[in-house]
Amino acid sequence: MIDFSSLYKKYAPDVYRFALYLSGERGEAEDITSETFVRAWTSPEPIEMATVKGYLFTIARNLFLQGLRKKSLHVALVDDLHDPQASPYARAEQKEQLDFVLAELQNLPEASRAALLMRAVDGMPYEEIARVLDISLAAVKVKIYRARLALAGIRNA
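Heads up: these notes are all about the structure in this document. From a predicted model like this one, the values you see are computed outputs, not experimental measurements. (Residues numbered from 1 in each chain as written. Predicted model: local features only at pLDDT ≥ 70, side-chain atom pairs only at ≥ 80, totals over all residues. Heavy atoms only, no water.)

**A closer look at the overall build of the protein**
Okay, so step 1: When its secondary structure is counted, the protein shows seven helices and zero strands.
Okay, so step 2: Ordered by position from the N terminus, the helices and strands of the protein form the series α-α-α-α-α-α-α.
Okay, so step 3: Among the 157 residues that make up the protein, the fraction classed as buried is 24%.
Okay, so step 4: Sequence-distant contacts in the protein: of pairs separated by 6 or more residues, those separated by 24 or more amount to 49%. (Helix = DSSP H or I, 4+ residues; strand = E, 2+ residues; numbered from the N terminus. Buried < 20%, exposed > 50% of the residue type's maximum accessible area, 1.4 Å probe, protein only. Contact = heavy atoms within 4.5 Å.)

Structure follows, in structure tokens:
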């Protein structure tokens, strides 16, 4: 029979050091060391003196790996659980603004509306818009400028 107190005094520093190197955290290493000796003490099988250190290291390693598995099952919750979607109020307000702008777009002349949409939405170059609408490059720039002014005036009113 092995005296548990002498076993602990002899091997606890080694087990602690091993657990610290595995985990990198002092608190976790202390927990692993304590649990290692509890498991060795409560083990139904006798400890062979030739393999005591290896036996204790095996228990410590298994406890460390068990802790890793438990940690991988847990996902840390973020403190800020902000919903990235806009609130229902904000969505309703945005829809109202969009409906208003779409209605005001309909008040623009068709050529100005088409030129503005091709430039603002599709990012088409002025030259291509001029070809599509069959008007001069200067006319395209004027139509887009006036359409933007009209919409900006509505927004500021």
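**So, the packing of aromatic side chains**
Okay, so step 1: Taken as a whole, this structure holds four aromatic pairs when the rule is applied.
Okay, so step 2: Centroid distance Phe 4 to Trp 41: 4.6 Å. Interplanar angle 65°. Geometry classified as edge-to-face. Of this pair, Phe 4 sits in helix 1 (residues 4-23) while Trp 41 sits in helix 2 (residues 26-42), and the two are 37 residues apart along the sequence.
Okay, so step 3: The class for Trp 41 is exposed, based on a relative accessible area of 53%.
Okay, so step 4: Seen from their ring centres, Tyr 8 and Phe 37 are 4.8 Å apart, and the 70° between their planes marks the pair as edge-to-face. Note that Tyr 8 is positioned in helix 1 and Phe 37 in helix 2, a separation of 29 residues in sequence. (Phe/Tyr/Trp six-rings, centres within 6.5 Å; stacked < 30°, edge-to-face > 60°.)

**Remarks on the nonpolar core**
Okay, so step 1: By size, the foremost hydrophobic cluster in this structure holds 17 residues, and its most contacted members are Tyr 11, Ile 32, Phe 37, Val 52 and Leu 56.
Okay, so step 2: Elements represented by at least two residues in this core include exactly helix 1, helix 2 and helix 3 (52-73).
Okay, so step 3: The contact partners of Phe 37, leaving out residues within four places of it in the chain, are Phe 4, Leu 7, Tyr 8, Tyr 11, Ala 12, Val 15 and Leu 56.
Okay, so step 4: Grouped together as the second largest cluster of nonpolar side chains are twelve residues, Leu 105, Leu 116, Met 118 and Ile 129 included. (Core = buried A, V, L, I, M, F, W, Y, C linked by side-chain atoms within 4.5 Å.)

**Quick look at helix 3**
Side chains of residues three or four places apart in an α-helix project in the same direction, reflecting 3.6 residues per turn.
Okay, so step 1: Across its 22 residues, helix 3 extends 32 Å between first and last C-alpha, which sits within 8% of the 32 Å expected from 1.5 Å per residue.
Okay, so step 2: For helix 3, the secondary structure elements touched by its buried residues are helix 1 and helix 2. (Expected span 1.5 Å × (residues − 1).)

**Digging into unusual backbone geometry**
Okay, so step 1: You will see that Asp 134, though not glycine, has its phi angle at about 60°, which is positive.
Okay, so step 2: Relative to the helices and strands, Asp 134 is located in the loop between helix 6 (126-133) and helix 7 (137-156).

**A word on the pattern of salt bridges**
Okay, so step 1: Following the criterion strictly, the structure yields five salt bridges and no others.
Okay, so step 2: Here Glu 35 makes a salt bridge to Arg 39, at a shortest N to O gap of 2.9 Å. With Glu 35 and Arg 39 both in helix 2 and four residues apart, this pair spans about one turn of that helix.
Okay, so step 3: Residue Glu 35 is classed as partly exposed on the basis of its relative accessible area of 31%.
Okay, so step 4: Judged by relative accessible area, which is 37%, Arg 39 ranks as partly exposed.
Okay, so step 5: Among the charged side chains, a network of salt bridges with common partners joins Asp 14, Arg 17 and Lys 53. (Salt bridge = Lys/Arg side-chain N within 4 Å of Asp/Glu carboxyl O.)

**Concerning the packing of helix 2 against helix 3**
Okay, so step 1: Where helix 2 meets helix 3, the closest approach of the two axes is 9 Å, and the angle between their N-to-C directions is 125°. With respect to helix 3, the element helix 2 is oriented oblique. Helix-helix and strand crossings are classified by hand; for helix 2 and helix 3 the assignment is right-handed. Two secondary-structure elements touch here, helix 2 through Glu 28, Ile 32, Glu 35, Thr 36, Phe 37, Arg 39 and Ala 40 and helix 3 through Tyr 55, Leu 56, Ile 59, Ala 60, Leu 63, Phe 64, Gln 66 and Lys 71.
Okay, so step 2: Class assignment of the residues belonging to the contact of helix 2 with helix 3 gives a composition of nine nonpolar, two polar and four charged. (Axes fitted to C-alpha atoms, helices over the stretch in contact; angles between N-to-C directions. Parallel < 35°, antiparallel > 145°, perpendicular 65-115°, else oblique. Left-handed = near helix turned anticlockwise from the far one by under 90°. Nonpolar A, V, L, I, M, F, W, Y, C, P; charged D, E, K, R; others polar.)

Such coordinate-based values are descriptive only and should not be taken to indicate function.
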